[in-house]
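As a plain string of letters, each chain reads:
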Amino acid sequence: MKKPVFVYSDDLLRYKFNEGHPFNQLRVKLTYDLLRMSDALNESQIVQPRMATDEELALIHDTAYIEAVKKAGDGTLKGAAAENYGLGTEDTPIFSGMHEASAWIVGATLTAAEMVMEGKATYGFNASGGLHHGFRGKASGFCVYNDSAVAIAYLKKKYGARVLYIDTDAHHGDGVQWSFYEDPDVCTLSIHETGRYLFPGTGNVTEKGQSDGYGYSFNLPVDAFTEDESWLELYETAVHEVASFFKPDVILSQNGADAHYYDPLTHLSVTMKSYHAIPRIAKEAADRFCGGKWIATGGGGYDIWRVVPRAWSEIWLAMNDMDLEGSLPMEWIEKWQKAAPVTLPLTWEDPPGLYKPIPRKPEIMEKNSLTLSKALHHIRDSRKKT
Ligand SMILES: [Zn+2]
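Just so we're clear, the structure is a prediction, and the values are computed from it rather than from any experiment.

The rules behind the values
- Residues numbered from 1 in each chain as written.
- Predicted model: local features only at pLDDT ≥ 70, side-chain atom pairs only at ≥ 80, totals over all residues.
- Heavy atoms only, no water.
- Donors = N, O, S within 2.8 Å, 3.2 Å for Na, K, Ca; no water.
- Helix = DSSP H or I, 4+ residues; strand = E, 2+ residues; numbered from the N terminus.
- Buried < 20%, exposed > 50% of the residue type's maximum accessible area, 1.4 Å probe, protein only.
- Core = buried A, V, L, I, M, F, W, Y, C linked by side-chain atoms within 4.5 Å.
- Contact = heavy atoms within 4.5 Å.
- Pairing = 2+ DSSP bridges.
- Right-handed = clockwise from strand over helix to strand, strands pointing away.
- Expected span 1.5 Å × (residues − 1).
- Arc of directions from axis to C-beta.
- Salt bridge = Lys/Arg side-chain N within 4 Å of Asp/Glu carboxyl O.

> Explain the coordination of the zinc ion residue by residue, including any values.
At 1.9 to 2.1 Å from the zinc ion lie its protein donor atoms, namely Asp169 (OD), His171 (ND1) and Asp258 (OD). Here the donor residues for the zinc ion map to a single chain with the spacing D-x1-H-x86-D. Of this pair, Asp169 sits in the loop between β4 (163-167) and α7 (174-179) while Asp258 sits in the loop between β7 (250-254) and α9 (272-289), placing them 89 residues apart in sequence. Owing to a relative accessible area of 0%, Asp258 belongs among the buried residues under this scheme.

Given below as structure tokens:
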């Protein structure tokens, strides 16, 4: 019997830099509410997270960095001393209790991982996670601790698992990639807007891992204004080819929803069509290649009203083999429209004609297809030999 779990408590909303910051965990609450009001999430499916311990954080992060985050959150580390650790910058400002808030998010991803690996759940979802820019000794790009990287290290250490990490955030999943760049037991696959003009600038197709890890890092940088058709072609082909090549024990997917046309921080033209398909393709790969072991996190997503709640609900719906279409629950719209600065969507799907077609579409598609074949080149090469 398939039993997915939704890891949630209000502790996960403590991760809050300041009022004007684009990273806003209210989106997790909006997602939770949307699912509850759609009768797609019941009490028995919700699991309380725990806080990650210092020892668990140290699977990835330097002890000195963990201490720095604690001090910053207590108000005793400021200025240049904090900035050495990427703390107190414009992207990642210091806030009170930032160590605990961040450790809750890591603990939630670990909870999902444990439930899945111990057979207590088929799939596990932590919408608050996916902080993929966190580095070993430095905060970066709104991310303090890298929950996904810690969870992958934990899956390796505790369960001896080989992990496939799939990242569909519009930004390159750099923190996770660099954590396992030399590790042949962790395969990373990231599809993102090209780093030519977008943070963090990495994620080139030529980044393929190094030493023993060479050939286990896959990057698909796509052009600005990429639309659903091309995005999904690359993602679906790559997931299939990489999963059948790597044969993972478990898949961990990061589901940033910032590739959407409405997202204010990026320049892609992905719509709800992709956010419906992405988790279903990940689930299919998990079912086919690793006995249904799939852990999913959230990630970026800065249109918290019109995009993220629907996109992340789709992950949970996919885990439950549910499809919802047409109107969103009126109860959700009525509850949140007052607080929203934009008009909330009325349906699960985006309306047709969301954006004006651009003449460069065929050129972009062709360029992206070429990137795909470059990224998968060595898999195809090794297949030819056998
Ligand atoms: Zn992002």
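> Go over the nonpolar core, please, and point to the residues and values.
Core analysis: the largest hydrophobic core is formed by 70 residues, its most contacted members being Phe125, Trp231, Tyr235, Trp294, Trp312 and Trp332. If you tally residues by element for this core, the top one is helix α8 (residues 228-246), at nine residues. Discounting residues that sit within four places of it in the chain, Phe125 has contacts with Val5, Phe6, Val7, Ala112, Ala296, Thr297, Gly298, Trp312, Ile315, Trp316 and Met319. If you look at the next biggest cluster of nonpolar residues, it comprises 52 residues, including Ala68, Ala108, Val176 and Tyr302.

> With reference to specific residues and values, describe unusual backbone geometry.
Residue Phe199 is joined to Pro200 through a cis peptide bond whose omega torsion reads -5°. With respect to the helices, strands and loops of the structure, Pro200 is situated in the loop between β5 (186-193) and β6 (217-222). With a phi angle near 40°, Ser211 is a residue other than glycine that sits in the positive phi range. Counting through the fold element by element, Ser211 comes out in the loop between β5 and β6.

> Just give me the short version of the pairing of β4, but keep the residues and values in it.
Two faces make up the sheet, and in a regular strand the side chains alternate between them. Counting buried residues along β4, five of its five residues qualify, which places the element largely inside the surrounding structure. Of the two faces of β4, the one holding Val163, Tyr165 and Asp167 and the one holding Leu164 and Ile166 are both buried throughout. The pairing of β4 with β5 spans five bridges and is classified as parallel. Note that in β5 the partner of Tyr165 across the bridge is Thr188. Assessed by its sense of winding, the connection that carries the chain from β4 through α7 to β5 is right-handed. Where β4 meets β7, five bridges bridge the pair, whose relative direction is parallel. Counterpart to Leu164 in the pairing with β7 is Ile251.

> Residue-level account of helix α12 (residues 361-375), with values.
With 15 residues, α12 should reach 21 Å at 1.5 Å per residue; the first-to-last C-alpha distance of 21 Å fits that figure. For α12, the complete set of buried residues consists of Ile364, Asn368, Thr371, Leu372 and Ala375. All buried residues of α12 lie within an arc of 100° about the axis, which places them on one face of the element. Every exposed residue of α12 that faces more than 90 degrees away from the buried side is listed here: Pro362, Glu363 and Glu366.

> Can you explain the pattern of salt bridges? Please cite residues and give values.
Tallying each qualifying case throughout the model produces 24 salt bridges. For Asp321, the salt bridge is made with Lys283, and the minimal N-O distance between the two is 3.0 Å. In this pair, Asp321 sits in the loop between α10 (308-319) and α11 (330-337) while Lys283 sits in helix α9, placing the two residues 38 residues apart along the sequence. Residue Asp321 is classed as exposed on the basis of its relative accessible area of 53%. Judged by relative accessible area, which is 10%, Lys283 ranks as buried. A salt bridge links Glu363 to Arg360; its shortest N-O distance comes to 3.7 Å.

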